[in-house]
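# Structure assessment
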Amino acid sequence: MKHAKNNPSPKNKYSATATIGIIITALAVVLLISGAVMFFVSNKPASQKNPPKTPSSATESSSTAGAATADSAPTSRPTTVPDFTLPAHTLPDINNAPQIFIDFLKEGGIDPQTIAGSGAEQLVVVKSNGSSADVCFFEIDGGMWKIDSSISCEGNVGAEGTVKPGEEGESSEATSKGFYPIVSAFYQDEAPDTGLDTVQMDSESFSGLSDDPDDYSCGFMYDFDSAGSGINQFVHSGSTPTTGDISINSKMLQSYLKKLDSDKKPYILII
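Structural notes, computed from the coordinates. (Residues numbered from 1 in each chain as written. Predicted model: local features only at pLDDT ≥ 70, side-chain atom pairs only at ≥ 80, totals over all residues. Heavy atoms only, no water.)

## Brief notes about the overall build of the protein chain
As a reminder, the rule being used: Helix and strand assignments follow DSSP, with helices taken as H or I runs no shorter than four residues and strands as E runs no shorter than two, numbered in order from the N terminus. To sort residues, take the accessible area from a 1.4 Å probe on protein chains only and compare it with the maximum for the residue type: under 20% means buried, over 50% means exposed, and anything in between is partly exposed. In what follows, residue pairs with any heavy atoms lying within 4.5 Å of each other are defined as contacts. Working definition of accessibility: Shrake-Rupley area with a 1.4 Å probe, residue cover restricted to the visible protein chains.
Helix and strand counts for the protein chain come out as six helices and twelve strands. Buried residues in the protein chain amount to 32% of all 271 residues. At a minimum sequence separation of 6, the contacts of the protein chain that also span at least 24 residues come to 59%. Counting every atom, the protein chain has about 17,600 Å² of accessible surface; 55% of that belongs to carbon and sulfur.

## Notes on the environment of Val 199
Relative to the elements of secondary structure, Val 199 occurs in strand 8 (residues 198–200). Judged by its relative accessible area of 35%, Val 199 is partly exposed. Residues Val 199 and Ala 185 lie 14 residues apart in sequence; the distance between their C-alpha atoms is 6.2 Å. Apart from the residues within four sequence positions on either side, Val 199 is in contact with Ser 184, Ala 185, Phe 186 and Tyr 187.

## Here's the deal with helix 6 (residues 250–259)
Put simply, the rule is: Note that the arc is defined by the directions from the helix axis to the C-beta atoms. Distance and chemistry together define a polar contact, namely a pair of N or O atoms within 3.5 Å, with one atom able to donate a hydrogen and the other to accept it when in protein, and with adjacent residues in sequence counting only for side-chain atoms on both sides.
Among the residues of helix 6, Met 252, Leu 253, Tyr 256 and Leu 257 are the ones counted as buried. Relative to the axis of helix 6, the buried residues are bounded by an arc of 145° and lie together on one face. Structural note: helix 6 exposes Lys 251 and Lys 258 on the side pointing more than 90 degrees away from its buried face. The opening residue of helix 6, the one whose side-chain oxygen lies 3.1 Å from the backbone nitrogen of Lys 251, is Asn 249.

## Structural notes on the pairing of strand 7 (residues 178–187)
Short version of the rule: Here a strand pair is declared whenever DSSP counts at least two bridges between the two strands.
Of all ten residues in strand 7, eight are buried, a share of seventy percent or more. Bridge analysis of strand 7 against strand 12 (residues 267–270) gives four bridges, and the strand direction is antiparallel. Bridge pairing in strand 12 links Tyr 180 to Ile 268. Both strand 7 and strand 9 (residues 218–223) contribute to a ladder of five bridges, which runs antiparallel. Bridge pairing in strand 9 links Ser 184 to Met 221. Two elements, strand 7 and strand 8, share three bridges in a ladder whose sense is parallel.

## Description of unusual backbone geometry
If you check the backbone angles, Lys 265 has positive phi at about 45° while not being a glycine. Locating Lys 265 in the fold gives a position in the loop between helix 6 and strand 12. What makes Lys 265 partly exposed here is its relative accessible area of 48%.

## Comments concerning helix 4 (residues 99–108)
Inspection of helix 4 places Phe 101, Ile 102, Phe 104 and Leu 105 among the buried residues, and these make up the whole buried set. Along helix 4, the residues classed as buried sweep out an arc of 160° about the axis, all on the same side. In this fold, the buried residues of helix 4 make contact with helix 5 (112–118), strand 1 (122–129), strand 2 (132–141), strand 3 (144–147) and strand 12. Once helix 4 ends, the next one or two residues include Gly 109, with phi positive near 70°.

## As for the pattern of salt bridges
Let me state the cut-off plainly: Salt-bridge detection follows one rule: a side-chain nitrogen of Lys or Arg within 4 Å of a carboxyl oxygen of Asp or Glu.
Tallying each qualifying case throughout the model produces four salt bridges. The shortest N-O distance in the salt bridge between Asp 141 and Lys 146 comes to 3.8 Å. The closest approach of N and O atoms between Asp 148 and Lys 259, which form a salt bridge, is 2.9 Å. With a gap of 111 residues between them, Asp 148 in the loop between strand 3 and strand 4 (153–156) and Lys 259 in helix 6 connect regions that are remote in the sequence. Judged by relative accessible area, Asp 148 falls into the buried class, the value being 16%.

## Quick word on the side chain of Asp 215
To be explicit about the condition: The charge count includes Lys and Arg as positive and Asp and Glu as negative, but it does not include His or the ends of the chains.
Within the secondary structure layout, Asp 215 lies in the loop between strand 8 and strand 9. Buried charge without a partner: Asp 215 forms no salt bridge, and the closest opposite charge is Lys 251, 17 Å away. If near-sequence neighbours (up to four positions away) are discounted, Asp 215 is found in contact with His 236, Ser 237 and Gly 238.

Have a look at this one:
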């Protein structure tokens, strides 16, 4: 009797193969999905990892906006009004002035307030001794009166010395004591180098004077008449007593003319 071979049925053979294929396919799908997820996570935008913080409430939002507005608002400042008040005239420091200056003022009966009231910033002092005199120049420098000893010199006054206006012994040959404004420089032919206003005069202006007419080539004038009549006295060159004017040597006269300045309201004090 022949026996048939024990071959598996085709149906069973194919069922095992299909099962293995399904398993392999499922594993491949799982690996593919896992790879895709890892790629997506690793390439996620930073902005999504750390999203900006938003105010938790409307109150927080409004308070933040209010703070920004307060910081950016301009600071209010008071309005400053310019002060157009002019400074008062400063009284020169007499206490620190040379002692000789203080002594001259006392001898001439002039107090510091008189000097300040005149506005004088320059002062020529003529200290007489008979018909001769010592002549000194003072000027305000740095708020104080200072002497310029480089132009201190000897000079002359009237042949009969000095006298207070109106006192006994007054004559045309005496020089009047007092505190007078220097008004201008004068000259006949050539204007001098000076800071004073200048006036040209002719020889007739000096007619009748016993002084040498050549002594009046230039010099400066002071107003010795408090009544304002315009009568002036002269400071001119010369080496002898005068008929009532004041004289110094020509070289020193030029130095005084250069120093004197109308803008500094110069005065002369004769004592």
